[in-house]
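# Per-entry structural report
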Amino acid sequence: MRRLTNHTLRPTAVCAVLGLLLLSSACGIYNFQGGKLDPGLETVSVALFENNASIVLPTLAQDLTEQLKDRFISQSNLSLTDYEGDLQFTGLVTSYGVAPVAITGDETAAQNRLTITIKVDYECPKYPENAWSSTFSQFEDFPSSQNLGDVEETLVATIIERLTLDVFNKVLSNW
C-alpha cells in the first residue's frame, strides 16, 4: 500500500481550492476584486460626466463615462441601462492639470505630473443608506523632456483606468 505524502496532497488541495474559488465566482458569491454585490441588483446607469476643469480635454468626460460603464458590465453581473439603474452614477471632472514634481539642482523640472480629479455621486435606490459622494484623484508622471501632447493620450488612459477602479472598489466596499 502506497503512503500519501504532503507532496502528493499539496497539488490536489491547491486545485480543489482554486476550483471552489472559480465556482463561487461564477455563481456570484465572490469576485476577485474582494467583494460582491447583492444578487438582487441587476442594472447600472452612468450619466455622462461633466467637465468642470479649468483645462478641458475634449474627450475626457466621455472617455471616463464609457470606461466606468465598461468596468461595471465587464466585472460584475450588472447590465447597462440608460436611466434609473439599480446602481446610479453621476459625476464631474473637477481638475485636470500638469505640475512639476522633481526639481533638479538647476531648478528645472525633471518630471511632470498629470493629475485628474473627479467627483462621483453614487445612489442605490434599493439601499439608500449606501449612497455616497466622493472625490477621487489619480496621477501619472512623465519626463519633462517629453511634450504633454505626445504622451497625453497614454497618460489619460492609465489615469482613467485607475479612477474607474477606485470607484468600482468603493462600491464593492459598501457590500
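Fair warning: this is a prediction, and the values are worked out from it, not measured in the lab. (Residues numbered from 1 in each chain as written. Predicted model: local features only at pLDDT ≥ 70, side-chain atom pairs only at ≥ 80, totals over all residues. Heavy atoms only, no water.)

## Quick look at the overall build of the protein chain
Cut-off, in case you're wondering: Secondary structure follows DSSP: runs of H or I at least 4 residues long count as helices, runs of E at least 2 residues long count as strands, and numbering of each begins at the N terminus. When a residue's accessible area, from a 1.4 Å probe over protein chains only, is under 20% of the maximum for its type it is buried; when over 50% it is exposed; and in between it is partly exposed. Residues are treated as being in contact if the distance between any of their heavy atoms lies within 4.5 Å. Every accessible area reported is derived by Shrake-Rupley at a probe size of 1.4 Å, with residue values counting cover from the shown protein chains alone.
For the protein chain, the count of helices and strands is 3 helices and 6 strands. Relative to its 175 residues, the protein chain shows a buried fraction of 32%. If you take every contact in the protein chain between residues at least 6 apart in sequence, the share linking residues at least 24 apart comes to 66%. Carbon and sulfur atoms make up 53% of the accessible area of the protein chain, which totals about 10600 Å².

## Topic: helix α3 (residues 148–173)
Convention followed: Take the number of residues in a helix, subtract one, and multiply by 1.5 Å to get its expected span. Bend at a given residue is defined as the angle between two axes, one fitted to the seven residues that end at that position and one fitted to the seven that begin there. Each polar contact in these results corresponds to two N or O atoms within 3.5 Å; when the atoms are within protein, one needs to be able to donate a hydrogen and the other to accept it, and residues that are neighboring in sequence are counted only if both atoms are side-chain atoms.
For α3, which comprises 26 residues, the first-to-last C-alpha distance of 35 Å matches the rise-based estimate of 38 Å (1.5 Å per residue) to within 8%. Residue Thr154 marks the point of greatest curvature in α3, where the axis turns by about 30°. Among the residues of α3, those classed as buried are Val151, Glu152, Leu155, Val156, Ile159, Ile160, Leu163, Thr164, Val167, Phe168, Val171 and Leu172. For α3, the N-terminal capping position is held by Asn147, with its side-chain oxygen 3.1 Å away from the main-chain nitrogen of Gly149.

## Concerning the packing of aromatic side chains
Two aromatic rings, taken as a pair, are described by how far apart their centres are and by the angle between their planes. The cut-off we apply is this: In summary, the pairing rule links any two rings of Phe, Tyr or Trp, Trp by its six-membered ring, whose centres are within 6.5 Å, and it sorts them by plane angle into stacked for under 30 degrees, edge-to-face for over 60 and tilted for everything else. Two limits define a charge over a ring: the Lys NZ or Arg CZ must be within 6 Å of the ring centre, and within 35 degrees of the ring normal.
Summed over the entire model, instances satisfying the criterion amount to 5 aromatic pairs. Ring geometry for Phe89 and Tyr122: centres 5.2 Å apart, planes at 35°, overall tilted. Separated by 33 residues along the polypeptide, Phe89 in strand β4 (residues 87–103) and Tyr122 in strand β5 (residues 109–123) bring together distant segments of the chain. Judged by its relative accessible area of 2%, Phe89 falls in the buried class. A relative accessible area of 1% means that Tyr122 is categorised as buried. Chaining the aromatic ring pairs together yields one cluster made of Phe72, Phe89, Tyr122, Trp132, Phe136 and Phe168. Taking NZ or CZ as reference, Arg113 lies 3.8 Å from the ring centre of Phe139, over its face.

## Quick word on the side chain of Thr164
Tracing the chain through its elements places Thr164 in helix α3. According to the relative accessible area criterion, Thr164 is buried, its value standing at 1%. Not counting residues within four places of it along the chain, the set of residues in contact with Thr164 comprises Leu64, Gln67, Leu68 and Arg71.

## Observations concerning the confidence of the model for the protein chain
As a reminder of what qualifies: Every residue carries a pLDDT, the predictor's confidence in it, which falls somewhere between 0 and 100.
For the protein chain, the average pLDDT comes to 83, and 77% of its residues sit at 70 or higher. Note that pLDDT drops below 50 for residues 13–34; the model gives that stretch 18 contacts with residues more than four away or on any other chain.

## Let's talk about the pattern of salt bridges
Quick note on the threshold: By definition here, a salt bridge exists when the distance from a side-chain nitrogen of Lys or Arg to a carboxyl oxygen of Asp or Glu is within 4 Å.
Applying the stated criterion across every chain, the model contains 5 salt bridges. Across the pair Asp86 and Lys126 runs a salt bridge, and its minimum N-O distance is 3.8 Å. Taken as a pair, Asp86 in the loop between β3 (79–80) and β4 and Lys126 in the loop between β5 and β6 (132–143) lie far apart in primary sequence, 40 residues in all. Residue classification places Lys126 among the partly exposed positions, given a relative accessible area of 47%. A salt bridge links Asp121 to Lys119, with the nearest nitrogen and oxygen atoms 3.1 Å apart. A relative accessible area of 28% places Asp121 in the partly exposed class. Note on Lys119: relative accessible area 31%, which makes it partly exposed.

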